[in-house]
There are 4 protein chains.
Amino acid sequence: MIKDLLRRQRIETPSWAFGDSGTRFKVFAQAGVPRDPYEKLADAAQVHRFTGVAPTVALHIPWDRVADYADLASRAAELGVGIGAINSNVFQDDAYMLGSVTNPDPKVRARALDHLLECVDIMDATGSATLKLWFSDGTNYPGQDDIRSRQDRLAQALERVYARLGAHQRFLLEYKLFEPAFYVSDVPDWGTAYAHCLRLGDKAQVVVDTGHHAPGTNIEFIVAFLLREGKLGGFDFNSRFYADDDLMVGAADPFQLFRIMFEVIGGGGYDAEANVAFMLDQCHNIEPKIAGQIRSVMNVQEATAKALLVDRAALAVAQAAGDVLGANAVVMDAYNTDVRPLLGQVRTEMGLDPDPMAAYARSGYFERVRDERVGGAPAGWGA
Amino acid sequence: MIKDLLRRQRIETPSWAFGDSGTRFKVFAQAGVPRDPYEKLADAAQVHRFTGVAPTVALHIPWDRVADYADLASRAAELGVGIGAINSNVFQDDAYMLGSVTNPDPKVRARALDHLLECVDIMDATGSATLKLWFSDGTNYPGQDDIRSRQDRLAQALERVYARLGAHQRFLLEYKLFEPAFYVSDVPDWGTAYAHCLRLGDKAQVVVDTGHHAPGTNIEFIVAFLLREGKLGGFDFNSRFYADDDLMVGAADPFQLFRIMFEVIGGGGYDAEANVAFMLDQCHNIEPKIAGQIRSVMNVQEATAKALLVDRAALAVAQAAGDVLGANAVVMDAYNTDVRPLLGQVRTEMGLDPDPMAAYARSGYFERVRDERVGGAPAGWGA
Amino acid sequence: MIKDLLRRQRIETPSWAFGDSGTRFKVFAQAGVPRDPYEKLADAAQVHRFTGVAPTVALHIPWDRVADYADLASRAAELGVGIGAINSNVFQDDAYMLGSVTNPDPKVRARALDHLLECVDIMDATGSATLKLWFSDGTNYPGQDDIRSRQDRLAQALERVYARLGAHQRFLLEYKLFEPAFYVSDVPDWGTAYAHCLRLGDKAQVVVDTGHHAPGTNIEFIVAFLLREGKLGGFDFNSRFYADDDLMVGAADPFQLFRIMFEVIGGGGYDAEANVAFMLDQCHNIEPKIAGQIRSVMNVQEATAKALLVDRAALAVAQAAGDVLGANAVVMDAYNTDVRPLLGQVRTEMGLDPDPMAAYARSGYFERVRDERVGGAPAGWGA
Amino acid sequence: MIKDLLRRQRIETPSWAFGDSGTRFKVFAQAGVPRDPYEKLADAAQVHRFTGVAPTVALHIPWDRVADYADLASRAAELGVGIGAINSNVFQDDAYMLGSVTNPDPKVRARALDHLLECVDIMDATGSATLKLWFSDGTNYPGQDDIRSRQDRLAQALERVYARLGAHQRFLLEYKLFEPAFYVSDVPDWGTAYAHCLRLGDKAQVVVDTGHHAPGTNIEFIVAFLLREGKLGGFDFNSRFYADDDLMVGAADPFQLFRIMFEVIGGGGYDAEANVAFMLDQCHNIEPKIAGQIRSVMNVQEATAKALLVDRAALAVAQAAGDVLGANAVVMDAYNTDVRPLLGQVRTEMGLDPDPMAAYARSGYFERVRDERVGGAPAGWGA
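Basis of the calculations
Each chain carries its own residue numbering, running from 1 in the direction its sequence is written. Just so you know, chain letters begin at A and ligand numbers begin at 1, following the order they were written in. For a predicted model such as this one, the threshold for reporting local features is a pLDDT of at least 70, and the threshold for listing and counting side-chain atom pairs is 80 or more; totals across whole chains, interfaces and linings nevertheless cover every residue. Values reported for side chains reflect all heavy atoms of the structure, with hydrogen atoms and water molecules removed beforehand. For Phe, Tyr and Trp, rings pair up if their centres lie within 6.5 Å, where Trp contributes its six-membered ring, and each pair is then called stacked (planes under 30 degrees apart), edge-to-face (over 60) or tilted (otherwise). Here a strand is any run of E in DSSP of at least two residues, a helix any run of H or I of at least four, and the numbering for each starts at the N terminus. Only protein chains enter the accessibility calculation, which uses a 1.4 Å probe. A residue is then buried if its area is under 20% of the maximum for its type, exposed if over 50%, and partly exposed in between. Distance and angle both matter: a charge sits over a ring if NZ of Lys or CZ of Arg is within 6 Å of the ring centre and within 35 degrees of the ring normal. Only residues with pLDDT of at least 70 in both copies count here: their C-alpha atoms drive the least-squares fit that superposes the copies. Throughout, a residue-residue contact means that at least one pair of heavy atoms, one from each residue, lies within 4.5 Å. Asp and Glu count as negative and Lys and Arg as positive, but His and the ends of the chain are not part of the count. Take a side-chain nitrogen of Lys or Arg and a carboxyl oxygen of Asp or Glu: if they are within 4 Å of each other, that pair is a salt bridge. By convention, the term buried area covers the 1.4 Å-probe accessible surface removed from two parts as they join, with the contributions of both added. Fitting a line to C-alpha atoms yields each axis, with helices limited to the stretch in contact; the angle taken between N-to-C directions then spans 0 to 180 degrees. Small angles under 35 degrees read as roughly parallel and large ones over 145 as roughly antiparallel, with 65 to 115 read as roughly perpendicular and the rest as oblique. Crossing handedness: left-handed means the near helix sits turned counterclockwise from the far one by under a right angle, and right-handed means the same turn made clockwise. For this classification, the nonpolar set comprises Ala, Val, Leu, Ile, Met, Phe, Trp, Tyr, Cys and Pro, the charged set comprises Asp, Glu, Lys and Arg, and every other residue, Gly included, is treated as polar.

Colleague: So what exactly am I meant to see when it comes to the packing of aromatic side chains here?
Modeller: Within a pair of aromatic rings, the relevant descriptors are the distance that separates the centres and the angle that separates the planes. Taken as a whole and judged by the stated rule, the model has 88 aromatic pairs over all chains. With a centroid separation of 5.1 Å and 50 degrees between ring planes, the pair formed by Phe25 of chain B and Trp134 of chain C is classed as tilted. Residue Phe25 of chain B is found in the loop between β1 (13–14) and α2 (37–51), and its partner Trp134 of chain C is found in the loop between β4 (130–133) and β5 (138–139); the two belong to separate chains. As far as the burial class goes, Phe25 of chain B and Trp134 of chain C line up, both buried. Each residue in the set Phe25 of chain A together with Trp63, Phe91, Trp134 and Trp381 of chain D is aromatic and connected to the rest through ring pairs, giving one cluster. Here Arg259 of chain A stacks its cationic end above the ring of Phe255 of chain A, 4.7 Å away from the centre of that ring.

Colleague: Would you take a moment to explain the relation of the copies chain D and chain C for this structure?
Modeller: Superposition of the two copies of the chain requires a rotation about an axis together with a shift along that axis. Of the transformation placing chain D onto chain C, the axial shift is 0.0 Å and the rotation is 180 degrees, giving an RMSD of 0.0 Å. The relationship between the two copies is best expressed as a two-fold rotation axis. Among all residues of chain D, the minimum C-alpha distance to the rotation axis is found for Gly191 of chain D, at 2.1 Å. Most of the interface of chain D is mirrored in chain C: 100% of its interface residues are interface residues there too.

Colleague: How should I be thinking about the environment of Ala379 of chain B in this particular structure?
Modeller: Residues and elements named next belong to chain B. The topology assignment puts Ala379 in the segment after α14 (365–372). Ala379 gets classed as buried once you look at its relative accessible area, which sits at 4%. Considering only alpha carbons, one finds Ala379 and Gly19, 360 residues apart in sequence, at a separation of 4.7 Å. When sequence neighbours within four positions are dropped, the list of residues in contact with Ala379 reads Gly19, Asp20, Val33, Pro34, Arg35 and Lys40.

Colleague: Would you mind going over the relation of the copies chain C and chain B with me for this structure?
Modeller: Of the two same-sequence chains, chain C is brought onto chain B (RMSD 0.0 Å, axial shift 0.0 Å) by a rotation of 180 degrees. Comparing contact sets, 100% of the residues at the interface of chain C also lie at the interface in chain B, consistent with an isologous, same-surface contact.

Colleague: Looking at this structure, I do not really get the side chain of Lys306 of chain B. What am I missing?
Modeller: When you line up the elements, Lys306 of chain B lands in helix α9 (residues 289–309). Within the buried set, Lys306 of chain B has no salt-bridge partner at all; the shortest N-O distance to an opposite charge, 6.1 Å, is to Glu302 of chain B. With residues near it in sequence (within four places) discarded, Lys306 of chain B still touches Phe258, Ala334, Tyr335, Thr337 and Val339 of chain B together with Asn336 of chain D.

Colleague: Help me out: how do you make sense of the interface of chain C and chain B in this one?
Modeller: A common way to state how big an interface is: give the accessible area lost once the parts meet. Contact residues are listed per partner, giving 42 residues for chain C and 42 residues for chain B. In total, chain C and chain B occlude about 4100 Å² of area from one another, counting both sides; carbon and sulfur atoms represent 65% of this. When residues of chain C are sorted by the area they lose upon contact with chain B, Arg24, Phe25 and Tyr141 of chain C head the list and together hold 22% of the total. The tally of links between chain C and chain B comes to eight salt bridges.

Colleague: What is the right way to read the packing of helix α5 (residues 147–164) of chain B against helix α6 (residues 190–200) of chain B from this model?
Modeller: All names here are of chain B. Here α5 crosses α6 at 45 degrees, and the two axes come no closer than 11 Å. Comparing the axis directions of α5 and α6 gives the class oblique. The handedness of the crossing between α5 and α6 is right-handed. Counted together, Gln151, Leu154, Ala155, Leu158, Glu159 and Tyr162 of α5 and Thr192, His196 and Leu200 of α6 form the full contact between these two elements. Class assignment of the residues belonging to the contact of α5 with α6 gives a composition of five nonpolar, three polar and one charged.

Below, the structure is given as structure tokens:
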């Protein structure tokens, strides 16, 4: 039963994780990095090849803009993967210095809206059912712009995009406490995203990026709450020690990831019909990228396995009895279990190597692309 | 015009600010502290006497439980003040160790609900139109109780209280990130309070306690957002450097208080019909209590005066032009103005001493009550 | 070898963990709580009885003040435990409202110093080698007192205490970011404690309380740094999600506890000659106290076992090679191991039950003291 | 007297503030940006021209590398400014991906050391007396490298640089909590910088960057402490709401800036012989750069003026009396004073326009350089 559930897990990889990334101080170049969306898909396909649970790849527009999206989707299918969420990007034109859809200038807002609508076109062309909206919009200084007017403009843009969605499409609205806006972020927290989505309807949901909260925020509470409200659309997984550090999910606080998955499962978010998207959204600034994605997928699997192991019947008894230590012990017993053998079995039963990291290393894929991908511009956040 | 607006300001003082308070380490006893609700009202009346803008006093039940509330209200009127919000307390019975309205034990929940309904009875008896609900409910350890079930129980209790409200009554739901719950707080953030209030209707609104947020949270954004949604019911003012330190409002970050008042005014929250309650909720652990309240009221007045001075027409022009430094300068120009002379004039025109702190010190009130209030148990959080 | 190291582990329990505790909002009374220091020692002896690694008990003066300390030490020995660190308390007299050793009033400073010297007398009487100094001193408001003068006064007091220490005695200086002081804490961080200890000499060292840091602080870095400087005197273990929540160590972030123990071991702090004191300092506000201490001891053991399992040779190779994922994987491999069977074996070899929690529950100790300890005042922070 | 002190104030501008900057998401290009160090100096000279208190400019190597430093210094003198601190940069070569002076690879460490020594050469060539050392070194994942070994390597590099300093030269060691390192920063806090500097001697001091602390850190405490220890070398001024946002100093929390300057003055750090360097270190991502620097200088001036206005005699009396509200009121009275007229007078007496922002705007300088600086690569963090 648990093995069935683990076998059916689906984790989406982000195309941009395979390109170069860094901080404002420096983007360190790595060897073998893809030069175009096709090469990114090829790398993402490796993650699926060795884990068996990463069958889709999120695109980021314009970083993954191609002339023929049908061709891209077709190439993905040949590689054994599908196109996942379409991620919009309204933060890299010089026009967006003071905001995109919330910009005081209506011309800039129109430009940003056009881009969002283009993303829905790309959804149509690729068959993607999910649009992910993240707005870097905000202000850096008190008084710079009117907080409320910016909400009005945001609401207008969201309405327009919502109206454009097809019957089987939805958008996920992402929130982020800060960066790149430093005083006000226009969608800083789940409450803001929730309120906008609630007004629009069922095709608008909230996406929880695990790195986008203030210190001390209890993320699993938000997960449980949004599931109760039917408004949890998905996750952008990553981890952090301080701010939005975008480290490998589970690397900074594996217990937190376990608690999140525990709430996901308890709230029905792991059921297929819940349609919660489990996506990675993280950088590999200093570690190799494909291996970093494989490790990240495995980290989510391990947290999920532990969360599935919780003896919920025993837990309910202890909770009802007010047995604080007993209830905590039920949860901790699952967390302290070493689930790697169980996951190795699952993989073996799926025809995979039980150790994806070792199998990938042995495959020689990295050495091959490192030698092949010479010349051209490595993909990154800017292209 | 600005002077008119300042003259009409209303700031509510909390009865418990006049009793002893402290930290978990120690409650330091002060001289002259009231021994009963009547004496608390007498002290609160001093705050109004010298500032002219603190005409109501919030009560806290059971700390302010009396045999005859009509008599209490009548005594208040004699003292020149009125009864403000009724604050419920479901955190000090031993039964509430694992929660009140969210407790897994239905008997405890029933007891808590009874208390909340009693508070509405007291509203009826005192003429109070506002119930303030703060729940210390939550859990300390992962697994201790089910997050979602606790939300269900919370929703049920709120429905019952809401149904009991009279035509001209409302409740304000308070949120708090942590303490005394250390893992999950059942109402940890504005989004949670908002979602519950939205479901219930117009008589349920959110109260923003300025000390109850995670580090880095932009409180004025929340204020602007809730005003836009018609869900800002009021403030619990205080200030803090770290956690919920409950220092005098404006003492830790006067610029933040100014920014909050700037958003209040811009969002229409200062208009009388907005019915936003401006309440102090803070302790005076080491400073004298009446003087501490007077200083706090003055701090709110000064922030309000500065916020009223902002040249909003010039600001709008700069914002529309994308003039970052210019727009910020308009706001900072108001903040950097010394408004104490203006407030001194307002007070003089109201027949008050321009310097409330000095006038109170000269009045001899403190020396009198210090000598009179000998014997009896000083009021505190426990009584 | 690892089993030997685990068998030799020593974790000190705090006498005050067995009394009632709470937050500023409420201290919930529990049944069976000790009424005096002798009963606290009896409870602490249970922790040692079932874990085998908790042979000493820290005292807190004046909470554990007795007429005859030799008698107390003798009773401890009969119970199979010894007296550990003496903890001073200069925060609960009304005189200390504005500070103890840093108070502007020299009479208050003298009183506080007398108490500290009395604690050294008690060390002499009990044979304790360690004095733990925590100062709640600080200010709540800017300007309230002079930051630098308070450092001068602190330095003077520390010099006096240092001079009084016997040849085999030392003191550990504790730091804490905030609470109960809300603006300035006079010893807010490790740097401050370190600088004072460095000036004094080898008998002054820093104690790291795991709950006393700002959000985002890397505690294991501090541990590694202090070990490198020879200034790590010990730990006050507990855990927290937000502020100084004093939850069971390892309950909030077990991975952090593992990382701390990993640095302790790598820096030589686990060697007996390093003389690093591993002490619990935490409350059990809502969970049963003896069981809470047993669980806490086990949590430290589990983190230690995992940290001992790290393949340091393989780690050094990966680090030297700049293999980010490989080095991380070595550490995570140890962390992900389920060490409970190993610890069960260690306990069995020590003649203990492999499951201390179950064995304690079966022992009937709690039921016995609950029935016996009727009447009298339960011990708490105030007595 | 206060006017004399204000007139003698010296605030150093950073050459890099005049080039383009941004976040990892986007560097927005601005018009009129300098293309080389000479043009940066020209812009910096405008800041001094209108404020009269910004006579030196810090350089950043290699961003400001020129063929002939004597020529650069000579050109600076013609422009009316001098060369200030030399800032090293060991974070932008691909070799530094895993660290510079703390890198596990000795070849990389040697390269980094060479750069630091080159910076001292440039000090000799330019006459600069101050070297500012910031290391982005650290790790992103637990286990990635050995914390303690990295400290050893850091200590070795610092020793070598220290030994190279001339008789009248010093270095300032900067600390930063996080970014770009996300797990361990090798110099994360003042304590680490202090310990290294203490070991080396008088020519090594700590620099406090106001944006580099954990949430809730009391920066003015650190300032007071370092002044007491003779180890405060200077400031990198900027401000932030969340992390290291690098906003204009005083923009996010003007009261904090005031408190810092209050401690500087009280601790003797404003005296010329204290040799504390007051430097700006901040970006202007969305606001015009020269105007942003002028505003920042003015913000420091205003905070300084308020801090100088504090009635320290009255404050000492209130502090000694334990008069919490009275002492706080003395400080707040100064803070609440509008010092802009006073600073206007000071400027007029210095032969300057009382309103530097307006005078700069009227000067037409920006329009001129915007038109002239066409073609070429705008200066930024990478060049």
